[in-house]
Amino acid sequence: MKHLIDIKSISKEEIENIINLAKEFKTGRKKSDVEKKTLSLMFYENSTRTRCSFEIAAQKLGMNIINFDANHSSLSKGESLKDTIENLYFLGVDAVVIRHSLSGIINNVMRLVKYPIHFVNGGDGTHAHPSQALLDYYTMLEKIGSVEGKKITIVGDVSHSRVAKSNISLLSKFGADIHLCAPTYLQFENEQAFNIHYHNEVKEAIDGSNVVMVLRVQNERHEKEGYPDSSEYKRLYEIDTELLRKYAAKDVILMHPGPANRNIEVSSELLDNQVGKTILEQAQNGVYVRMAILNTLLKGDNNAS
Ligand code: CP
């Protein structure tokens, strides 16, 4: 494994290896194999969790970190992303984590770059967010042991969500019973995916669910600003304590990739109680999963620049 671009490009075995390594990092049994290697964080879109947890993961691994300032780089003078990354490689950077609003841009630039720098997708447009899906999977395994045959319901703006797409890709590999719930205009329909169930109605979608993953409405990716109407969305799709108690499985796990919009897709009360704490544990697990990703990609490797 040299890059992490999307979930469909990695095998079940590679996923299991990352999860097992993340467990070892979390328990402190595993030491870094990538000390003194250099990581550049290239975030062209805002981020709290992904950026900070990659930075903390790299620190814990004893790596050097370059926080590339996209707004003050020579890209503004017309330098291409390919040339920027090739220069970073010759400066001694071993790997880049890129977040960008354009879907597929990381695949494109990776094909153009001629030197063996490692690429990690930190979220590209509506395409993929593989490290998020891996940390979500890690958290599910920690809480429910296995996802095989478990009802996992994703509620929200599925069509614009790279998190949903990466989770669908990963959970399909491990035999989960996947349910997607959204108003029709936010629904993602993939005719190729046979084990997915589609819902408009939230009570039916979460009925008996072992995991309910809530997504934010991604207004910044909508063509029509202000649509959908947030009060209408809240009325039909907000997840709260009462809904989970009445319809979901008894020990349901509530997940959210963040950032959460309180009292729109999920109630503030639910976020602040014991059930909502899993969302913070997801963020925490992100550090160990990202340590495992960086260690896997960079182990035994030499920047020969
Ligand atoms: N889940 C996630 O990608 O959060 P950030 O946008 O804060 O990185």
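All values derive from a computational prediction rather than experimental measurement. (Residues numbered from 1 in each chain as written. Predicted model: local features only at pLDDT ≥ 70, side-chain atom pairs only at ≥ 80, totals over all residues. Heavy atoms only, no water.)

K.L.:
Just give me the short version of the overall build of the chain, but keep the residues and values in it.
P.N.:
Helix and strand content of the chain: 11 helices and nine strands. Relative to a compact globule of 305 residues, whose C-alpha radius of gyration would be 19 Å, the chain shows 19 Å and is just as compact. Along the first, second and third principal axes, the C-alpha atoms of the chain reach 60 × 45 × 35 Å. For the chain, the residues scored as buried account for 53% of the 305 residues in total. Of the contacts made within the chain by residues no fewer than 6 positions apart, 76% connect residues no fewer than 24 positions apart. (Helix = DSSP H or I, 4+ residues; strand = E, 2+ residues; numbered from the N terminus. Rg over C-alpha atoms; globule rule 2.2 N^0.38 Å. Buried < 20%, exposed > 50% of the residue type's maximum accessible area, 1.4 Å probe, protein only. Contact = heavy atoms within 4.5 Å.)

K.L.:
Requested: an account of helix α11 (residues 277-298), with residues and values cited.
P.N.:
Think of an α-helix as 3.6 residues a turn; residues three or four steps apart then line up on the same face. End to end, α11 covers 32 Å across 22 residues, agreeing with the expected 32 Å (1.5 Å per residue, within 8%). Counted residue by residue, α11 has 17 buried out of 22 residues, so it is predominantly covered. Gly300 sits one or two positions beyond α11 and adopts a positive phi of about 70°. (Expected span 1.5 Å × (residues − 1).)

K.L.:
Give me the lowdown on the environment of Val212, citing residues and values where you can.
P.N.:
Within the element layout of this structure, Val212 appears in strand β8 (residues 211-214). It is 8.7 Å that separates the C-alpha atoms of Val212 and Lys151, two residues lying 61 residues apart in sequence. Leaving out residues up to four positions away in the same chain, Val212 has contacts with Thr153, Val155, Ile206, Leu244, Val252, Ile253, Leu254 and Met255.

K.L.:
Explain the pattern of salt bridges residue by residue, including any values.
P.N.:
In this structure the tally under the stated criterion is 13 salt bridges. Between Glu238 and Lys234 there is a salt bridge whose closest N-O contact spans 3.0 Å. What makes Glu238 buried here is its relative accessible area of 13%. Measuring nitrogen to oxygen at the nearest pair gives 3.9 Å for the salt bridge that ties Lys277 to Glu281. One end of the pair, Lys277, and the other, Glu281, are both in helix α11, four residues apart, so they sit about a helical turn from each other. Connected via shared salt-bridge partners are Lys30, Asp33 and Lys299. (Salt bridge = Lys/Arg side-chain N within 4 Å of Asp/Glu carboxyl O.)

K.L.:
Talk me through the sheet that holds strand β1 (residues 38-43); I want residue IDs and the actual numbers.
P.N.:
Read from one edge of the open sheet, four strands run β2-β1-β3-β4, paired in parallel fashion. One side of each edge strand has no neighbouring strand; the edge strands of this open sheet are β2 (64-68) and β4 (118-124). Strand-to-strand twist in this sheet, taken as the mean axis angle between neighbours without regard to direction, amounts to 15°. Both β1 and strand β3 (residues 95-100) contribute to a ladder of five bridges, which runs parallel. The residue bridging Leu39 from the neighbouring strand is Ala95, located in β3. (Pairing = 2+ DSSP bridges. Axes fitted to C-alpha atoms, helices over the stretch in contact; angles between N-to-C directions.)

In short, the description is geometric, and any link to function would need to be established separately.
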